[in-house]
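# Coordinates in review
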Amino acid sequence: MIEKALDILGKILDSYFIPAIVSLTAAIGVYSLTGNDFWLLNKLGRELYIVLIFLILLILILLAKYIGVKIKKMARESCHPMG
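Each chain carries its own residue numbering, running from 1 in the direction its sequence is written. Under the rules for a predicted model, residues below a pLDDT of 70 receive no local features and side-chain atom pairs below 80 are neither given nor counted, while totals for whole chains, interfaces and linings still include all residues. As a convention, hydrogens and water are excluded, and side-chain values are obtained from all of the structure's heavy atoms.

Moving on, we get to the overall build of the chain. When helices and strands are tallied, the chain shows four helices and zero strands. Secondary structure elements in the chain, listed N-terminal to C-terminal, are α-α-α-α. The reference for a compact globule is 2.2 Å times residues^0.38; the radius of gyration itself is calculated from the C-alpha atoms. Computed over the C-alpha atoms, the radius of gyration of the chain is 17 Å, more than 25% above the 12 Å expected from 2.2 N^0.38 for a compact globule of 83 residues. Dimensions along the principal axes, computed over C-alpha positions, put the chain at roughly 60 × 25 × 15 Å. We call a residue buried when its accessible area falls under 20% of the maximum for its residue type, exposed when it is over 50%, and partly exposed in between, using a 1.4 Å probe and counting protein chains only. Per-residue burial for the chain yields a buried fraction of 19% across its 83 residues. Between two residues, a contact is recorded if the distance between any of their heavy atoms is within 4.5 Å. Across the chain, every contact between residues at least 6 apart in sequence was considered, and the portion connecting residues at least 24 apart equals 57%. Note on areas: these come from Shrake-Rupley sampling with a 1.4 Å probe, and a residue is covered only by the protein chains present in the view. In the structure as shown, the chain presents an accessible area of about 6500 Å², 70% of it carried by carbon and sulfur atoms. We score Asp and Glu as negative and Lys and Arg as positive, and we do not count His or the chain ends. Charge placement uses NZ in Lys and CZ in Arg. For Asp and Glu, CG and CD serve respectively. One finds the centroid of the 9 positive side-chain charges in the chain at a distance of 11 Å from the centroid of its 6 negative side-chain charges. The numbering of helices and of strands both runs from the N terminus, where a helix is a DSSP run of H or I of at least 4 residues and a strand a run of E of at least 2.

Attention now goes to the packing of helix H1 (residues 2-15) against helix H4 (residues 46-79). In this description, a line fitted to the C-alpha atoms serves as the axis of each element, helices being fitted only across the stretch in contact, and the angle between N-to-C directions of two axes falls anywhere from 0 to 180 degrees. With their axes 11 Å apart at the nearest point, H1 and H4 run at an angle of 25 degrees to one another. By the criterion of interaxial angle, the relationship of H1 to H4 is roughly parallel. Helix-helix and strand crossings are classified by hand; for H1 and H4 the assignment is left-handed. Facing Ile2, Ala5, Leu9 and Ile12 of H1, the residues of H4 in contact are Glu47, Leu48, Val51, Phe54, Leu55 and Leu58. Here the angle decides the label: under 35 degrees means roughly parallel, over 145 means roughly antiparallel, 65 to 115 means roughly perpendicular, and every other value means oblique. Each helix crossing is assigned a hand: it is left-handed if the near helix lies turned anticlockwise from the far helix by less than a right angle, otherwise right-handed if that turn is clockwise.

Let's shift gears to the pattern of salt bridges. Definition used for salt bridges: Asp or Glu carboxyl oxygen within 4 Å of a side-chain nitrogen of Lys or Arg. In the structure shown here, the tally under the stated rule is two salt bridges. Here Asp7 makes a salt bridge to Lys11, at a shortest N to O gap of 3.9 Å. Of the two residues, Asp7 and Lys11 both sit in helix H1, four residues apart, roughly one turn of that helix. On the basis of relative accessible area, Asp7 is assigned to the partly exposed category, the value being 45%. Accessibility expressed as a relative area gives 55% for Lys11, which makes it exposed.

Written out as structure tokens, the structure is:
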């Protein structure tokens, strides 16, 4: 189970290196701030909890990047209307 999760993590790291590094660093930070009696940590275990936090943060980072690109594109189109 953990090997599959780490394999998926490796594929994500190949495609999205910088966002993945930021997300992994933040996930380790969140894990270090999480108490030992947190219910999700107890249910999943340490490794899967870190992978879950990593993936949630990565999705949020990529979503923010996507929204930023769309906003830039909309701003550029509104400054230079075509037609």
